[in-house]
Protein chains: 2
Amino acid sequence: MPKPLPALEDAAPICCAPLGGAPSLSPADAVGLAIRLKALADPTRLHLLAYLLDQPDQEGCTCNLAPIVDLSEPTVSHHLKQLEATGLLTKERRGMSVYYRVVPEAIEAIGRVLHVNCC
Amino acid sequence: MPKPLPALEDAAPICCAPLGGAPSLSPADAVGLAIRLKALADPTRLHLLAYLLDQPDQEGCTCNLAPIVDLSEPTVSHHLKQLEATGLLTKERRGMSVYYRVVPEAIEAIGRVLHVNCC
DNA sequence: CGACCTCTTTGACATTTGTCAAATAAGTGC
DNA sequence: GCACTTATTTGACAAATGTCAAAGAGGTCG
């Protein structure tokens, strides 16, 4: 039985000790990191993030994003929900549309954990 | 049908343009990055990597690692194989044992892609 | 209200994943 | 060769994942 990854609320707060650091990765931190990495580990979600990062205001709405990745709106909605659940995106309703916006610090934070050697 | 992620050979060589960079993430790069991130996105594999990074020589053998993560040897072997397939570990047989060693540059490279804002 | 637009939820389905036990492979030493 | 140790492969299984169509929810505007 593959240990089911819990929702992020149950996981440790934002993980930051580098992977090989002095206080070795605790099991809870490993789970928290894994959840965040898994949210990132999908071509469609990476594509969505990259697209949003390239927008002037780093945001976009579902109906706008679905054509970009060439998937149905429900599917895109599903991906956006995952990205939001892990804090990689924020959502905001404005009128009829819902705008998703990148949280660059969240992406940065994950990147920092992977800094094993150099600066 | 969830597009099956191909083996890494088919994917782009080591990915390095930051996610939000000028040449927006190509589909091939997205797949390559996703494969690597997915290899990382598991608590057990993170645990294994963290443990290996903390060893003086950054290496260990299967029979040594299985107790660390409290899983059967076949399962650990399976995880190690994935890490090796994505270039995060190298393996080397010495006598009866097989030693796996971390490739810190590979982890670094992934971390760099996630550097969205600062230096 | 009612027609319309945008987005999310639900239900279904095939694929992938993590796990183990059992069998197999690779190496050592008698 | 044979017994033994270590590692991997195979086969099975439950759970998670990515996808869509259909139905529902939330807003807008006539």
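Per chain, residues are indexed from 1 in the order of the written sequence. Chains and ligands are labelled by the order in which they are written, letters from A for the one and numbers from 1 for the other. This being a predicted model, a pLDDT of at least 70 is required before a residue's local features are given, and a value of 80 or more before pairs of side-chain atoms are given or counted; all residues contribute to the totals for chains, interfaces and linings.

Caption draft 1: Highlighting the overall build of chain A. Secondary structure elements follow DSSP: runs of H or I of four or more residues count as helices, runs of E of two or more count as strands, with numbering from the N terminus. Per the secondary structure count, chain A includes five helices and three strands. The order of α-helices and β-strands along chain A, N terminus first, is α-α-β-α-α-β-β-α. When each of the 119 residues of chain A is scored for burial, the buried share is 38%. Each residue is represented by a C-beta atom placed from its backbone, and any two residues with such atoms within 7 Å are regarded as in contact. The long-range fraction of contacts in chain A, counting pairs at least 24 apart against all pairs at least 6 apart in sequence, stands at 51%. We call a residue exposed when 12 or fewer other C-beta atoms sit within 10 Å of its C-beta, buried when the count reaches 20 or more, and partly exposed for counts in between; the C-beta positions come from the backbone.

Caption draft 2: Just the relation of the copies chain A and chain B, in detail. When the copies are superposed, the least-squares fit draws on C-alpha atoms of residues that have pLDDT of at least 70 in both. Superposing chain A onto chain B takes a rotation of 180° combined with a translation of 0.0 Å along the rotation axis, leaving an RMSD of 0.0 Å. Here the copies are linked by what is in effect a two-fold axis. Distance from the rotation axis, computed per C-alpha, reaches its smallest value in chain A at G111 of chain A: 2.1 Å. Of all interface residues in chain A, 100% are interface residues in chain B too; the two copies therefore contact each other through one and the same surface.

Caption draft 3: Layout of the packing of helix α2 (residues 43–54) of chain B against helix α3 (residues 62–69) of chain B. Residue and element names in this part refer to chain B. Fitted lines through C-alpha atoms give the axes, limited to the stretch in contact for helices. The angle between two N-to-C directions lies from 0 to 180 degrees. One can describe the packing of α2 onto α3 by two numbers: an axis separation of 10 Å at closest approach and a directional angle of 120°. One way to sum up the angle between α2 and α3 is to call them oblique. For the pair α2 and α3, the crossing hand works out as right-handed. Contacts between α2 and α3 involve T44, H47, L48 and Y51 from the former and L65, I68 and V69 from the latter. Orientation categories follow fixed angle ranges, with anything under 35 degrees roughly parallel, anything over 145 roughly antiparallel, 65 to 115 roughly perpendicular, and all other angles oblique. What makes a crossing left-handed is the near helix being turned counterclockwise from the far one by less than a right angle; a clockwise turn instead makes it right-handed.

Caption draft 4: View of the interface of chain A and chain B. Tallying the contact residues gives 30 residues for chain A and 30 residues for chain B. Only α1 (27–40), α2 (43–54) and α5 (104–113) of chain A provide two or more residues apiece to the side of chain A that touches chain B.

Caption draft 5: Fine view of the sheet that holds strand β3 (residues 97–102) of chain B. Residue and element names in this part refer to chain B. Two strands are counted as paired when DSSP detects at least two bridges linking them. Within the open sheet, the three strands sit side by side as β1-β3-β2. Their pairing is antiparallel. Strand pairing shows two members of the sheet lacking a second neighbour, β1 (59–61) and β2 (89–94), which therefore form its edges. Mean inter-strand twist for the sheet, computed between neighbouring axes without regard to direction, equals 30°. The pairing of β2 with β3 spans six bridges and is antiparallel. Within β3, the position partnered with E92 by the bridge is Y99. Set on the sheet, α2 makes contact with β1 and β3; between it and β3 the angle comes to about 90°. Lying on the sheet, α3 is in contact with β1 and β3; it crosses β1 at an angle near 95°.

Caption draft 6: Main features of unusual backbone geometry. Phi is positive for Q58 of chain A, which is not a glycine, with a value near 55°. Its location among the elements puts Q58 of chain A in the loop between α2 and β1 (59–61). In this structure, D70 of chain B is a non-glycine residue whose phi angle is positive, near 60°.

Caption draft 7: Seen up close, the nonpolar core. Throughout this description, the term nonpolar core refers to a group of buried Ala, Val, Leu, Ile, Met, Phe, Trp, Tyr and Cys residues whose C-beta atoms join them within 7 Å. Counting residues in hydrophobic clusters, the biggest one holds 60 residues, and the most contacted among them are L37 of chain A together with L37 of chain B. Beyond its immediate sequence surroundings of up to four residues, L37 of chain A is in contact with I110 of chain A together with L37, L40 and A41 of chain B.

Caption draft 8: Representation of the pairing of strand β3 (residues 97–102) of chain A. Sheet topology note: the β1 of chain A/β3 of chain A ladder contains three bridges and is antiparallel. Each bridged residue has a counterpart across the sheet, and for G60 of chain A the counterpart in β3 of chain A is Y100 of chain A.

Caption draft 9: Up close: α2 of chain A. The terminal C-alpha atoms of α2 of chain A, which comprises 12 residues, lie 16 Å apart, in line with the 16 Å expected from a rise of 1.5 Å per residue. Burial in α2 of chain A covers these residues: P43, T44, R45, L46, H47, L48, L49, A50 and L52 of chain A. In this fold, the buried residues of α2 of chain A make contact with α1, β1, α3 (62–69), α4 (73–85) and β3 of chain A together with α1 (27–40) of chain B. Here the expected length of a helix is defined as 1.5 Å per residue gap, with one fewer gap than residues.

No statement about biological role is implied by the geometric values presented.
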